[in-house]
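Inside the fold
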Amino acid sequence: MRPHVGQKLTSTVDTTTVIVVRCPGSELDITCGGAAMTEGTGPGGTTSGTPAPELRGGALLGKRYADEELGLELLCTKGGEGTLAVNGVPLPVKSAKPLPASD
């Protein structure tokens, strides 16, 4: 899949939904719980199957998941039990930027 900014992706194995905030111009395999994510609300807004046991780390509502090397950032708009991954590598939660010291 070639994601684009603003695209809504939905998991096919749990309730996870994300929005693409930043992405490269290349093909990526974005998965949740080991299954490929689909554009929009998926097939009728329902899930089919369950996340792979080793990929049940969960996606948290309101958190950003990013891979700085690829230039990919996803915003979780609906949490679920599956782990978000790109090209087979789990995406870490993006850490907050430290605020400057005010002396």
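Notes on the structure in this doc start here. (Residues numbered from 1 in each chain as written. Predicted model: local features only at pLDDT ≥ 70, side-chain atom pairs only at ≥ 80, totals over all residues. Heavy atoms only, no water.)

Side note on the overall build of the protein
Condition: Labels follow the DSSP assignment, with helices taken as runs of H or I lasting at least four residues and strands as runs of E lasting at least two, numbered in each case from the N terminus. The buried label applies to any residue whose accessible area, calculated with a 1.4 Å probe on protein chains only, is under 20% of its type's maximum; exposed applies above 50%, and partly exposed to all values in between. By definition in these notes, contact holds between two residues if any of their heavy atoms fall within 4.5 Å. All accessible-area figures derive from a Shrake-Rupley calculation using a 1.4 Å probe, and residue coverage is judged against the displayed protein chains alone. In this tally, Asp and Glu contribute negative charge and Lys and Arg positive charge; neither His nor the terminal groups of the chain are included. In this description, the location of a charge corresponds to atom NZ of lysine, CZ of arginine, CG of aspartate or CD of glutamate.
Of regular secondary structure, the protein possesses 0 helices and 9 strands. Written out in order from the N terminus, the α and β elements of the protein read β-β-β-β-β-β-β-β-β. Viewed in the frame of its principal axes, the protein has a C-alpha envelope of about 55 × 30 × 20 Å. Within the protein, the fraction of its 103 residues that count as buried is 38%. Contacts spanning at least 24 positions in sequence make up 60% of the contacts within the protein whose residues lie at least 6 apart. Of the roughly 5800 Å² of accessible surface on the protein, 56% is carried by carbon and sulfur atoms. Here the protein contributes 9 positively and 11 negatively charged side chains, and the mean placements of these two sets differ by 7 Å.

Here we look at unusual backbone geometry
A positive phi is found at N87, a non-glycine position, where the angle reads about 50°. For N87, the location among the structural elements is in the loop between β8 (84-86) and β9 (89-90).

Things to note about the pairing of strand β7 (residues 72-78)
Formally: For two strands to count as paired, DSSP must find a minimum of two bridges between them.
Judged from the 5 bridges that link them, strand β2 (residues 17-22) and β7 form a sheet pairing that is antiparallel. If you follow V18 over to β7, its bridge partner there is C76. In terms of strand pairing, strand β6 (residues 64-67) meets β7 through 4 bridges, oriented antiparallel. Bridging from a neighbouring strand, R64 pairs with L75 of β7. Counting the residues between successive antiparallel strands, the hairpin from β6 to β7 contains 4 residues, one of them, G71, with a positive phi of roughly 80°.

Details of the side chain of E73
Selection rule: Definition of a polar contact: a pair of N or O atoms within 3.5 Å, with one able to donate and the other able to accept a hydrogen when the atoms are protein atoms, and with sequence-neighbouring residues admitted only if both atoms are side-chain atoms.
On the secondary structure map, E73 appears in strand β7. On the basis of relative accessibility, which here comes to 5%, the residue E73 falls in the buried class. A distance of 3.0 Å separates polar atoms of two side chains, one belonging to E73 and the other to K94. Here E73 is in contact with I19, V20, V21, R22, R64, Y65, A66 and K94, once residues within four sequence places are set aside.

Observations regarding the nonpolar core
Rule in force here: Residues belong to a common nonpolar core when they are buried Ala, Val, Leu, Ile, Met, Phe, Trp, Tyr or Cys residues joined through side-chain atoms within 4.5 Å.
V18, I30, M37, L72, L74, L84 and L91 are the most contacted members of the largest nonpolar core, which totals 15 residues. Every element with two or more residues in this core is listed here: β2, β3 (30-32), β7 and β8. If one sorts the elements of this core by residue count, β7 sits on top with 3 residues. If we skip the residues at most four places from it in the chain, L72 touches R22, C23, P24, L28, I30, Y65, A66, D67, V86 and L91.

Notes on the pattern of salt bridges
Note the threshold: Any Lys or Arg side-chain nitrogen located within 4 Å of an Asp or Glu carboxyl oxygen qualifies as a salt bridge.
Here the structure, examined in full by the defined rule, presents 6 salt bridges. R22 is the salt-bridge partner of E68, the closest N and O atoms lying 3.2 Å from each other. Placement of the pair is E68 in the loop between β6 and β7 and R22 in strand β2, with a sequence separation of 46 residues. Here R56 ties to E81 by a salt bridge, and the two come within 3.3 Å at their closest N and O atoms. Here R56, found in the loop between β5 (38-39) and β6, pairs with E81, found in the loop between β7 and β8; they are 25 residues apart in sequence, far enough to count as distant. Overlapping salt bridges bring together R22, R64, E68, E73 and K94 as one network.

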